[in-house]
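Structural overview
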Amino acid sequence: MALNPIPDLLDALRESLVGVTDGQVAQYIPELAHAEPGWFGLALATLDGHVYASGDADRPFTLQSVSKPFVYALALTDRGLDEVVSRVGLEPSGEAFNATRLEPGTGRPPNPMVNAGAILTTSLVDDGFPRILAGLEAFAGRVLGVDERAYESEVETGDRNRAIAYLMRTAGSLRADAEQSVRRYFRQCAIQVTARDLAVMSATLANGGVNPVTGVQVVTRDTASHVLTVMATCGMYDFAGEWLLRVGLPAKSGVSGGITGALPAQLGIGLFSPPLDERGTSVRGIAACEELSARFGLHLMRPPARTASAVYLTENGDRLLVRGLQGDFGFAAAEALTRDVAGHATQGRLLVLDLDRVGRLHPVAVHLLGTLIERLAAYGMTTVVADVNRRGLLPQAHREFPGLDAARHWCDASLLRA
């Protein structure tokens with residue numbers, strides 16, 4: 001039996017949504033129409049490089065519009081914020097991803113998340129597609145390939161994007177060759193990734209531009225924050241406002257069924273399910289993100305009461321583990337503690353959790369730690385809690401004591417009797 005409950009939680013979430021059959025697989029790009037509607041994968045990456053995955057999380061698919069924030073990050077790196085903003089706006093358009101509207105007078109596209117802005121942004125990356133591919137590989141932490149059939153399919157059917165490019169070329173905002181820029185954009189959309197990759201890529205943004213798996217600084221902290229801001233306001237097109245209200249994560253969707261989302265300083269999420277709603281966003285992906293946000297307390301606007309460290313005390317004795325917790329204890333802290341304790345679990349050992357300094361134990365932390373305690377008990381470990389106020393924060397614990405000294409004394413006596 002696995003002691004860490006998070007993989008089971010992801011599997012249960014996926015299973016609860018498998019029966020959702022709303023939406024249609026994208027048809028306007030012929031190659032995308034071959035996707036199976038039942039494919040469904042999700043992954044979650046923490047900032048210390050651990051990745052949880054469920055379902056079809058390792059099935060490759062093309063990035064499509066999910067490429068936009070990461071290529072925008074490369075353009076910011078190559079050209080700087082001021083130059084990029086002078087060419088591409090930052091305001092939500094309230095329109096579909098393939099809208100043709102440009103800013104009067106300047107010809108700027110409204111933002112880099114719509115197709116017009118993405119085509120122009122792509123033209124601003126130095127050294128063309130090789131730089132784009134290498135940059136996205138750095139975000140993913142592995143070598144990526146291009147689906148050539150998907151690329152050719154987009155070349156054959158992408159006249160609306162060509163029209164947008166020529167409009168910008170006429171307006172003066174696009175200064176590169178229009179056809180070359182569109183083909184480069186089509187090629188970046190045809191890069192293949194998995195839901196696991198998307199989780200790592202968004203975790204890189206959440207981690208201030210440092211890939212949590214490889215440790216490579218892909219972009220600067222400032223660039224990562226700029227990209228996350230635009231994702232929050234514009235990443236979900238004309239659904240951006242409701243998305244931010246219900247899910248509360250900077251995110252980007254694509255018509256192949258991918259969604260990537262990031263919670264700054266905590267984690268990255270990747271999802272893949274091809275059936276789309278009328279806006280071109282994965283139906284199961286939206287539902288899964290709403291559930292993840294609600295169950296794990298991930299909403300960006302939820303005000304935390306943070307401390308320097310969620311765990312102030314760590315002791316690993318031969319028969320006794322002690323962990324002292326503090327502050328506002330939410331999903332990220334509970335996930336790390338769960339993995340830590342599971343890694344030190346030994347039959348016959350005792351675990352003491354000191355909760356005296358905990359201001360709030362969020363429901364998701366109660367659930368994760370409570371499940372861990374139950375699994376430790378089945379494995380042969382006993383967990384006790386120290387809390388001077390005896391608040392009953394973890395009712396699954398074997399006993400609760402009015403302070404750490406009392407808990408230690410009981411544990412010492414129990415070990416002597418064993």
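Residues numbered from 1 in each chain as written. Predicted model: local features only at pLDDT ≥ 70, side-chain atom pairs only at ≥ 80, totals over all residues. Heavy atoms only, no water.

Considering the nonpolar core
What tends to happen in soluble globular proteins is that the nonpolar side chains get buried as a cluster. Applicable threshold: Nonpolar cores are built from buried Ala, Val, Leu, Ile, Met, Phe, Trp, Tyr and Cys residues. Side-chain atoms within 4.5 Å join them into one set. Type-normalised accessible area, obtained with a 1.4 Å probe on protein chains alone, sets the label of each residue: buried when under 20%, exposed when over 50%, and partly exposed for intermediate values. Think of it this way: any DSSP run of H or I at least four residues long counts as a helix, any run of E at least two long counts as a strand, and we number them from the N terminus. The criterion used for residue contact is that any of the two residues' heavy atoms lie within 4.5 Å.
Grouped together as the largest cluster of nonpolar side chains are 58 residues, with contacts concentrated most on L136, F139, M168, I191, M201 and L205. Elements supplying a minimum of two residues to this core: α2 (68-79), α4 (115-123), α5 (128-140), α6 (148-157), α7 (159-171), α8 (178-189), α9 (195-206) and α10 (221-234). Ranked by residue count, the leading element in this core is α2, at seven residues. Dropping the residues within four chain positions of it, F139 is found in contact with F70, A73, L74, V200, M201, T204, L205, N211, V218 and V219. Judged by nonpolar contacts, the second largest core, of 53 residues, contains L263, L298, V341 and L368.

Some thoughts on the UniProt feature "binding site: substrate" (unreviewed entry) in the protein
Counted only if it meets this: UniProt positions are given in the numbering used here, feature names are shortened, and annotations may be inferred rather than shown by experiment.
The UniProt record annotates "binding site: substrate" (unreviewed entry) at S65, N115, E154, N161, Y185, Y237 and V255. Structurally, the position occupied by S65 is in the loop between β3 (61-62) and α2. Assessed through its relative accessible area of 6%, S65 is described here as buried. Leaving out residues up to four positions away in the same chain, S65 has contacts with N115, Y185, Y237, K252, S253 and G254. Within the element layout of this structure, E154 appears in helix α6. With sequence-adjacent residues up to four places away left out, E154 is seen in contact with I29, Q64, F186, C189 and A190.

Thoughts on the packing of aromatic side chains
Just so we agree on the cut-off: For Phe, Tyr and Trp, where Trp contributes only its six-membered ring, two rings pair if their centres lie within 6.5 Å, and the inter-plane angle classes them as stacked under 30 degrees, edge-to-face over 60, or tilted in between. For a lysine, the NZ atom is tested; for an arginine, the CZ atom; a charge sits over a ring if that atom is within 6 Å of the ring centre and within 35 degrees of the ring normal.
Scanning the model with the defined rule gives nine aromatic pairs in all. For the ring pair F61 and F272, a centre distance of 4.1 Å and an interplane angle of 5 degrees mean the geometry is stacked. You can see F61 sitting in strand β3 and its partner F272 sitting in strand β7 (residues 267-272), a full 211 residues away along the chain. By relative accessible area, F61 is classed as buried at 6%. Here F272 falls in the buried class, since its relative accessible area comes to 1%. A cation over an aromatic ring shows up here: R187 above the ring of F129, its NZ or CZ 5.5 Å from the ring centre. When the ring centre of Y151 is taken as origin, the NZ or CZ atom of R187, which lies over that ring, is 4.8 Å away.

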